[in-house]
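# Observations on chain architecture
Each chain, letter by letter, is given below.
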Amino acid sequence: MALPISPIFNASRSIGDILVANGRLTEQGAAQILDYQKAQNLQFGDAAIALKLLTKDDIDFALSQQYDYAYLNATNTSLSPALLAAYQPFGAVSENLRAVRSQLTLRWLGKQPQQNVLAVVSPSKNDGRSFVAANLAIVFAQQGHRTLLMDADLRAEPHKSQQSLFKLERSLGLSGILANRAGLEAAQLVPGLPHLAVLPAGAVPPNPQELLGRLAFGNLLEGASQQFDIILIDTPAGGDFADAEIIATRAGHAMMVCRNNQTLLPEAQHLASRLQGGGVELIGSVLNDA
């Protein structure tokens, strides 16, 4: 699956044109703003807000269209509201996620050729690993990277899966691919978020460790790394199962998520030791206080 690359900046469309085309502003309103802008020597957005014809949210939306920065407005219910990077891209959580993205870019991406697969791990179930993986995938996609979010938690309850967060259609998913019943076409593009595809876990198999340990999983990652710039893999809790170690070993690199005031330090240290003992490069950790 190849994702189209959009231009980084589309200056040919003015803010007024974008908002009129999207039904947020009338042509008469746009003309009124332009007249006021010239008379008061203001930016278009400042003039529109002063006239109370637009809100800051409207201006942010138009700028996101100009700069190819995709996000969803509050009236769009196609995804879970937990995907803050999609719905609140200018909030504190999204800003923190972009800081994590920057650190990963410096420490992980580009250090070696074709190094673009990262397992997102955590010691226990409620550390927020899936939340971080999903939102981090969104901010990478917003930067223009062709991003694949792979749900390799083949034990997750349906309402806690990436399929639930992104409200995806049922598919054979990763378990179907590893059982040789499907290919990478099981990944689904996310409407409204260009550059992002999600491969759901699929049906819960009776033998998740055996499936993940098959050569097919390594072949899948190798093939996907040729089609995507970034591959983030959601994993089961590392303290409960060996699945996360298997996945991280295949990926070669991992990032650990811990929850503030909940994750026990000995558990995190034990998981880190096991991963590093298996040859996994632990890029860093994220303290989740969401």
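Above this note sits the structure.
Described below are features of the structure shown in this document. (Residues numbered from 1 in each chain as written. Predicted model: local features only at pLDDT ≥ 70, side-chain atom pairs only at ≥ 80, totals over all residues. Heavy atoms only, no water.)

## Description of the overall build of the chain
Using the following cut-off: Strands are runs of DSSP state E lasting at least two residues, helices are runs of H or I lasting at least four, and both sets are numbered from the N terminus onward. Here the globule rule reads 2.2 Å times residues to the power 0.38, and the radius of gyration is calculated from C-alpha atoms. A simple rule labels every residue: compare its accessible area, found with a 1.4 Å probe on the protein chains alone, to the largest value its type can have, and call it buried under 20%, exposed over 50%, or partly exposed in between. Contacts: residue pairs with any heavy atoms within 4.5 Å of one another. Here, Shrake-Rupley sampling with a 1.4 Å probe gives the accessible areas, and only protein chains in the shown set may cover a residue. Charge convention: Lys and Arg are scored as positive, Asp and Glu as negative, and His as well as the terminal groups of each chain are ignored. For this purpose, a charge sits on NZ of Lys, CZ of Arg, CG of Asp or CD of Glu.
Of regular secondary structure, the chain possesses 13 helices and seven strands. Here the C-alpha radius of gyration of the chain, 21 Å, is about what a compact globule of 290 residues would show, namely 19 Å. Principal-axis analysis of the C-alpha atoms places the extent of the chain at approximately 70 × 40 × 35 Å. Counting over 290 residues, the chain shows a buried share of 48%. Residue pairs at least 24 apart in sequence account for 74% of intrachain contacts in the chain once pairs closer than 6 positions are excluded. For the chain, the exposed area adds up to about 13,900 Å²; of that, 52% sits on carbon and sulfur atoms. For the chain, the centre of its 21 positive side-chain charges and the centre of its 25 negative side-chain charges are spaced 2 Å apart.

## So, the pairing of strand β1 (residues 117-121)
Here is the rule: Strands qualify as paired when DSSP identifies two bridges or more between them.
Counting buried positions along β1 gives five out of five residues, so the element sits mostly inside the fold. Side chains V117, A119 and V121 of β1 all project onto a buried face; the interleaved residues L118 and V120 project onto the opposite face, where all are buried too. Pairing between β1 and strand β5 (residues 230-234): four bridges, direction parallel. Bridging from a neighbouring strand, V120 pairs with D234 of β5. In the sheet, β1 pairs with strand β6 (residues 253-259) via three bridges, with the strands oriented parallel. Note on β6: the bridge partner recorded for A119 is A254.

## Overview of the environment of G238
Within the fold, G238 resides in the loop between β5 and α12 (243-251). Residues G238 and A272 lie 34 residues apart in sequence; the distance between their C-alpha atoms is 9.6 Å. Filtering out sequence-adjacent residues up to four positions away, G238 remains in contact with S122, P123, A244, L271 and R274.

## Digging into the packing of helix α11 (residues 215-227) against α12
When two helices pack together, their arrangement is given by the angle between their axes and by how far apart the axes lie. Short version of the rule: Here an axis means a line fitted to C-alpha atoms, over the contact stretch when the element is a helix, while the angle between two N-to-C directions is reported on a 0 to 180 degree scale. Note on angle classes: values under 35 degrees are labelled roughly parallel, values over 145 roughly antiparallel, values of 65 to 115 roughly perpendicular, and the remainder oblique. For any helix crossing, the convention is left-handed if the near helix is rotated counterclockwise from the far helix by under a right angle, and right-handed if that rotation is clockwise.
At their nearest, the axes of α11 and α12 sit 10 Å apart, and the two run at 45° to each other. With respect to each other, α11 and α12 are oriented oblique. Between α11 and α12 lies a crossing of right-handed hand. Two secondary-structure elements touch here, α11 through L215, F217, G218 and L221 and α12 through I247, R250 and A251.

## Quick notes on the sheet that holds strand β7 (residues 281-288)
Strand order in this open sheet of seven strands is β3-β4-β2-β5-β1-β6-β7, and the pairing throughout is mixed. What marks the edges here is a single partner per strand, and that holds for β3 (188-189) and β7. Relative to β7, β6 runs parallel, the two sharing seven bridges. Directly across from C258, in β7, lies its bridge partner L287. Strand contacts of helix α6 (residues 92-107): β1, β6 and β7, with the helix running at about 170° to β7, the strand carrying the most contacts. Docked against the sheet, α11 engages β1, β2 (147-151), β4 (196-199) and β5, running at close to 145° with respect to β5.

## Some points on the pairing of β6
Applied cut-off: Orienting the strands away from the viewer, one traces the path from the first strand over the helix to the second; a clockwise path indicates a right-handed crossover.
When you tally the buried positions in β6, you get six out of seven residues, the bulk of the element. Regarding the hand of the β-α-β motif, the stretch spanning β6, helix α13 (residues 265-277) and β7 is right-handed.

## Points about the side chain of D243
Keep this limit in mind: Polar contacts here mean pairs of N or O atoms no more than 3.5 Å apart (in protein, one a potential hydrogen donor and the other a potential acceptor; neighbouring residues in sequence count only if both atoms are side-chain atoms).
Along the polypeptide, D243 turns up in helix α12. A distance of 2.9 Å separates the side chain of D243 from the side chain of R155, its partner in a polar contact. Not counting residues up to four positions away in its chain, the partners in contact with D243 are R155, P208, Q209, L212 and P236.

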